[in-house]
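Here is what each chain is made of, one letter per residue.
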Amino acid sequence: MSKKKFYVVWNGRKKGVFTSWKVCKAQIDGFEGAQYKSFADLNEAETASTKNYDDYKGKNTKKPTLSSAEKSSYGSPNLESISVDAACAGNPGKMEYRGVLTHNKQQIFIKGPFKKGTNNIGEFLALVHGIALLKSKNQHNLPIYSDSKIAMSWVKKKQCRTNMVFDASNKDLLELIKRAENWLKENTYKNPILKWETKAWGEIPADFGRK
């Protein structure tokens, strides 16, 4: 027996969340530029319908959400920390990043938008910015959360391993990346960089709310 699916239509004859493929198909069949996606969870589908299609394009949304037991296995995030995230309109596109206090989402820094950036670049820069900021404030043991494994690996390797082609229009972004890489090579830090477990805890507090 197949599991129940929920369908979000962002661009079609009618927009919204539909509980059957037949009804969803009627909204998008032959509709130019139709945008739609199936979800395994109703709450996730309803949340997605209030956000942008581009942030869900290419992502696996068909996997059921975690059970209570599965969620509990992740424990709880350390609220005495900061969280960082990035947002990008397009790939490449206008990118910005920021950091917040995890416990109350108070913004402590924000940069951008930068032209012709990517989400991964933004996540990397946000982490380095956060690390440098905490070091300047002598907060050496405060953890930093990121929901990007790629950015965390780039920081560990002290290199932004992007395939982005830079030109005059995003020269400032390239310079910022080089500064971040140099900072990592010239400095040490003790702050734990932790993975934000979105499936168990929801969106990271620094999320821009555009997904």
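Our subject is the structure listed above.
So, here's what we can say about the structure. (Residues numbered from 1 in each chain as written. Predicted model: local features only at pLDDT ≥ 70, side-chain atom pairs only at ≥ 80, totals over all residues. Heavy atoms only, no water.)

Some words on the overall build of the chain
Defined as follows: For the purposes of this entry, the term helix denotes a DSSP run of H or I that reaches at least four residues, the term strand denotes a run of E that reaches at least two, and both are numbered from the N terminus. To sort residues, take the accessible area from a 1.4 Å probe on protein chains only and compare it with the maximum for the residue type: under 20% means buried, over 50% means exposed, and anything in between is partly exposed. All accessible areas in this document rest on Shrake-Rupley with a 1.4 Å probe, and a residue is counted as covered only by the protein chains that are shown.
Secondary structure assignment for the chain yields seven helices and eight strands. A principal-axis box enclosing the C-alpha atoms of the chain has dimensions of 60 × 45 × 30 Å. When burial is assessed residue by residue, the chain has 39% of its 211 residues classed as buried. When the accessible surface of the chain is split by element, carbon and sulfur atoms take 48% of a total near 12300 Å².

Concerning the pattern of salt bridges
Here is the rule we go by: Salt bridges are defined by distance alone: a side-chain nitrogen of Lys or Arg within 4 Å of a carboxyl oxygen of Asp or Glu.
Tallied over the full model, the rule gives one salt bridge. Between aspartate 167 and lysine 116 there is a salt bridge; the shortest N-O distance is 2.5 Å. Pair noted here: aspartate 167 is in the loop between helix 5 (149-157) and helix 6 (171-186) and lysine 116 is in strand 6 (residues 107-117), with a separation of 51 residues, a long-range link. With relative accessibility at 34%, the residue aspartate 167 sits in the partly exposed group. Note on lysine 116: relative accessible area 30%, which makes it partly exposed.

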